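Coordinates in review
Okay, here's what each chain looks like letter by letter:
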Amino acid sequence: MTQDELKKAVGFAALKFVKPDSLVGVGTGSTASYFIDALATIKDQIKGTVSSSEASTQKLKDYGIPVLDCNEVDSLDVYVDGADEINHQLQMIKGGGAALTREKIVSALSKQFVCIVDESKVVDVLGKFPLPVEVIPMARSYVARELFKLGGKPIYRQGVITDNGNVILDVHDLIIAKPMELENRINNIAGVVTVGLFANKGANVALVGTRSGVKEIKPSY
C-alpha cells in the first residue's frame with residue numbers, strides 16, 4: 001500500500017469512534033482530510049463538527065457537513081486528527097500544517113482524541129520532526145533565543161502566517177526525552193501562543209496504518 005492508501009485506511013477506520021448524534025472535532029492535514037471524506041458518508045448521523053483550521057472548515061462545508069464555532073459547544077464527543085510524530089505513550093508533535101493552536105483547543109474540548117497516522121509517524125523518542133512553536137510576531141526573536149537555550153535550533157518558517165495571525169518557529173535538533181516537561185517550559189516563554197507538543201494531554205487511542213492493516217494502539221507506560 002502507498003502512504004496515501006495507508007492514510008485513507010486510517011481515516012475511514014476512525015468512523016468506528018463516531019457515534020450517532022455526536023459532536024466531532026476535526027483536525028488538519030492530509031490524513032485528517034481523508035477522515036473528512038469518510039465523515040461525509042455519515043454526515044446525516046452527527047450533530048455537527050468543530051474544525052481546527054480554515055482549510056478543514058472549507059472542506060467540511062463543501063460536503064454539506066455542519067461546522068460549529070468552538071464557543072457554541074461545551075464539549076466534543078471525539079476529536080480525530082493526524083500527527084507529525086507519535087510515541088508509544090501517544091504523546092505527539094503536531095503543527096506541520098501550522099494549525100497547532102486551534103488543534104490544541106479542539107483537543108482540550110474533546111472527551112476522546114483519536115490520532116490517525118501511517119506507520120512512518122510512530123517513533124520511540126520525539127524530536128526528529130522539527131517542533132513547531134506558534135509565536136506572536138513581535139516576540140519572534142526573543143522566543144528564538146529562549147528556544148536556543150533549551151538546546152534546539154529554531155528556524156523561522158518563512159512566508160507562513162497562522163489562521164490566528166501569528167508566525168511559526170520550527171525547532172530542530174531536539175531529543176525530547178521528557179515531553180511533558182518541555183511542553184510546560186516552552187509554553188511559559190513570553191510570546192509563545194502554544195507549542196506543538198501534545199504531551200500533557202496526548203491521544204487516547206491511535207489508529208496506525210500498516211502494510212498488514214490498521215492497528216489500534218493504546219498508550220503504553
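The present account deals with the structure reproduced in this document. (Residues numbered from 1 in each chain as written. Predicted model: local features only at pLDDT ≥ 70, side-chain atom pairs only at ≥ 80, totals over all residues. Heavy atoms only, no water.)

**Description of the pairing of strand 12 (residues 205–210)**
To be explicit about the condition: Here the term buried applies to any residue with accessible area under 20% of the maximum for its type, exposed to any over 50%, and partly exposed to those in between, with areas from a 1.4 Å probe on protein chains only. The secondary structure listing takes helices from DSSP runs of H or I that are at least 4 residues long and strands from runs of E that are at least 2 residues long, numbered from the N terminus. Strands pair, by our definition, only if DSSP identifies at least two bridges between them.
Across the six residues of strand 12, six count as buried, placing the element largely inside the fold. Every second residue of strand 12 is oriented toward a common face, with V205, L207 and G209 on one face and A206, V208 and T210 on the other, all of them buried. Judged from the five bridges that link them, strand 6 (residues 113–118) and strand 12 form a sheet pairing that is parallel. The residue of strand 12 that forms the bridge with C115 is A206. Pairing of strand 12 with strand 13 (residues 213–217) involves five bridges; the strand directions are antiparallel. Within strand 13, the position partnered with A206 by the bridge is I217. Once strand 12 ends, the chain turns through two residues before running back antiparallel as strand 13.

**Quick word on the side chain of K121**
Rule in force here: Here, two residues are considered to be in contact whenever any of their heavy atoms come within 4.5 Å of each other.
Assignment of secondary structure puts K121 in the loop between strand 6 and strand 7 (131–135). The class for K121 is buried, based on a relative accessible area of 18%. Beyond its immediate chain neighbours, meaning those up to four positions away, K121 contacts A83, D84, E85 and I86.

**Some details on the pairing of strand 1 (residues 23–26)**
Note the threshold: Every crossover in which the path from the first strand over the helix to the second runs clockwise, viewed with the strands pointing away from the viewer, is termed right-handed.
In strand 1, alternate side chains face the same way, and those of L23 and G25 on one face and V24 and V26 on the other are all buried. Across four bridges, the pairing between strand 1 and strand 2 (residues 48–51) is parallel. By the bridge assignment, G25 is partnered in strand 2 with V50. Taken together, strand 1, helix 2 (residues 30–39) and strand 2 constitute a β-α-β crossover, and its handedness is right-handed. Taken together, the three bridges between strand 1 and strand 3 (residues 78–81) define a ladder with parallel strand orientation. Bridge assignment links V24 to a residue of strand 3, and that residue is V78.

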